[in-house]
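A structural walkthrough
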Amino acid sequence: MEPPQTREERGEREYDFDAVFARGGAADPYAAAELRDYDPIHPGTSFRDLLRKLWAPIAVAVGLVIKFGAASFKFLGIFLSVGVYALAWGWQFAIGIVALIFVHEAGHWLEAKRQGLDPAAPVFIPFLGAYVAMKNAPVDPWRNGLVSLAGPALGGIGAAAVWFAAESDGSLFLFGLAYTAFFLNLINLIPVSILDGGFAWRSIKALRRQHSPRALALGVYYVGLAAVFAYAMWKTHVPQDSV
């Protein structure tokens, strides 16, 4: 038989019970020893934590729609959006990003008004952005294309204003806000049916089928906006080691 191992060989720690009782008999006999020689791990915010924060405002939104109808959501959607974004990323970012989304939607609204159309007020949907509905949307692809691209165009101008303020102030927060706004406007130009880029791309294809020279003009407008936003994202990007 092998001789029994010592405590040191078994890797066990020796606790100073005498020191414990000398301090008045601590309830935990291991308190005298330092049981931890590392910093505790603090878990970051998980997706489940985020959902736990957001379920209440989402429930409020559903309740408003059920009780008062969709009209209440149209009126309160912007405030609900601020609240939801604030829970996820803080009040400053929430107010800034909702204001820039409003500028984007104002572009659609102003261009539609300029064309003599009847646009409704912007409706905000948390995490999905916002939209402007039109009761008498034109069937002219040129006019449709201009309305579709007016939102990203004005939204880009709003983001550029934040970028200018960031350059003047040196604020990393403003750089991040401008970057996010440029990113959202660029995403909106993806040629997918529900996005502004989808409407613009359909208008360009319709004009090409008509052999209209406006197809090229609308195409240059579309690609030019995307190129400007991509460049602006590169200029406003804040490296992680700078945060």
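See the structure above.
Overview of the structure.

Rules used throughout
- Residues numbered from 1 in each chain as written.
- Predicted model: local features only at pLDDT ≥ 70, side-chain atom pairs only at ≥ 80, totals over all residues.
- Heavy atoms only, no water.
- Helix = DSSP H or I, 4+ residues; strand = E, 2+ residues; numbered from the N terminus.
- Expected span 1.5 Å × (residues − 1).
- Buried < 20%, exposed > 50% of the residue type's maximum accessible area, 1.4 Å probe, protein only.
- Contact = heavy atoms within 4.5 Å.
- Phe/Tyr/Trp six-rings, centres within 6.5 Å; stacked < 30°, edge-to-face > 60°.
- Lys NZ or Arg CZ within 6 Å of the ring centre and 35° of its normal.
- Polar contact = N/O pair within 3.5 Å; in protein donor to acceptor, adjacent residues only side chain to side chain.
- Axes fitted to C-alpha atoms, helices over the stretch in contact; angles between N-to-C directions.
- Parallel < 35°, antiparallel > 145°, perpendicular 65-115°, else oblique.
- Left-handed = near helix turned anticlockwise from the far one by under 90°.
- Nonpolar A, V, L, I, M, F, W, Y, C, P; charged D, E, K, R; others polar.
- Salt bridge = Lys/Arg side-chain N within 4 Å of Asp/Glu carboxyl O.

Attention now goes to helix 8 (residues 196-209). Given a rise of 1.5 Å per residue, 14 residues ought to cover 20 Å, and the 20 Å separating the end C-alpha atoms of helix 8 matches this to within 8%. Buried within helix 8 we find Asp196, Gly197, Gly198, Ala200, Ser203, Ile204, Ala206 and Leu207. Where helix 8 is buried, its residues touch helix 5 (91-114), helix 6 (141-169) and helix 9 (214-236). His211 sits one or two residues past helix 8 and shows a positive phi near 55°.

Right, let's get into the packing of aromatic side chains. Per the counting criterion, the structure on display carries four aromatic pairs. Their ring planes at 90° and their centres at 6.0 Å tell us that Trp163 and Phe182 sit as a pair that is edge-to-face. In this pair, Trp163 is assigned in helix 6 and Phe182 in helix 7 (residues 172-187), connecting sequence segments 19 residues apart. The same class applies to Trp163 as to Phe182, namely buried. When the centroid spacing of 6.2 Å and the interplanar angle of 40° are considered together, the rings of Trp201 and Tyr222 count as tilted. With a gap of 21 residues between them, Trp201 in helix 8 and Tyr222 in helix 9 connect regions that are remote in the sequence. Trp201 sits in the partly exposed class, given a relative accessible area of 38%. Through pairs of rings, three or more aromatic residues link up here, namely Trp163, Phe182 and Phe229. Its end group placed over the ring of Phe199, Arg202 keeps NZ or CZ at 4.7 Å from the ring centre.

Our focus in this paragraph is the side chain of Asn185. Residue placement: Asn185 occurs in helix 7. A residue is classified by how much of its surface remains accessible, and Asn185, at 5% relative accessible area, is buried. Among the polar contacts listed, one links the side chain of Asn185 to the side chain of His104, at a separation of 2.7 Å. When residues no more than four places from it in sequence are discounted, the contact partners of Asn185 are His104, Gly151, Pro152, Gly155, Gly156 and Phe229.

A separate point is the packing of helix 7 against helix 9. Interaxial distance between helix 7 and helix 9 falls to 9 Å at its minimum, and their mutual angle equals 155°. Regarding the angle of helix 7 to helix 9, the classification is roughly antiparallel. Classified by chirality, the crossing of helix 9 by helix 7 is left-handed. Two secondary-structure elements touch here, helix 7 through Phe175, Ala178, Tyr179, Phe182, Phe183, Asn185 and Leu186 and helix 9 through Ala226, Phe229, Ala230, Ala232, Met233 and Thr236. Residues of the contact of helix 7 with helix 9, tallied by class, amount to 11 nonpolar, two polar and no charged.

This part is about the side chain of Glu111. With respect to the helices and strands, the residue Glu111 is situated in helix 5. Since its relative accessible area comes to 12%, Glu111 is described here as buried. When sequence neighbours within four positions are dropped, the list of residues in contact with Glu111 reads Leu146, Val147 and Ala150.

Time to look at helix 9. For helix 9, which comprises 23 residues, the first-to-last C-alpha distance of 33 Å matches the rise-based estimate of 33 Å (1.5 Å per residue) to within 8%. Among all positions in helix 9, only Ala215, Leu218, Gly219, Tyr222, Leu225, Phe229, Ala232, Met233 and Thr236 are buried. The elements touched by buried residues of helix 9 are helix 6, helix 7 and helix 8.

Now for the pattern of salt bridges. Summed over the entire model, instances satisfying the criterion amount to one salt bridge. As a salt-bridge pair, Arg114 and Glu111 come within 2.7 Å of each other at their nearest N and O atoms. Here Arg114 pairs with Glu111, and both are found in helix 5, just three residues apart, close to one helical turn.

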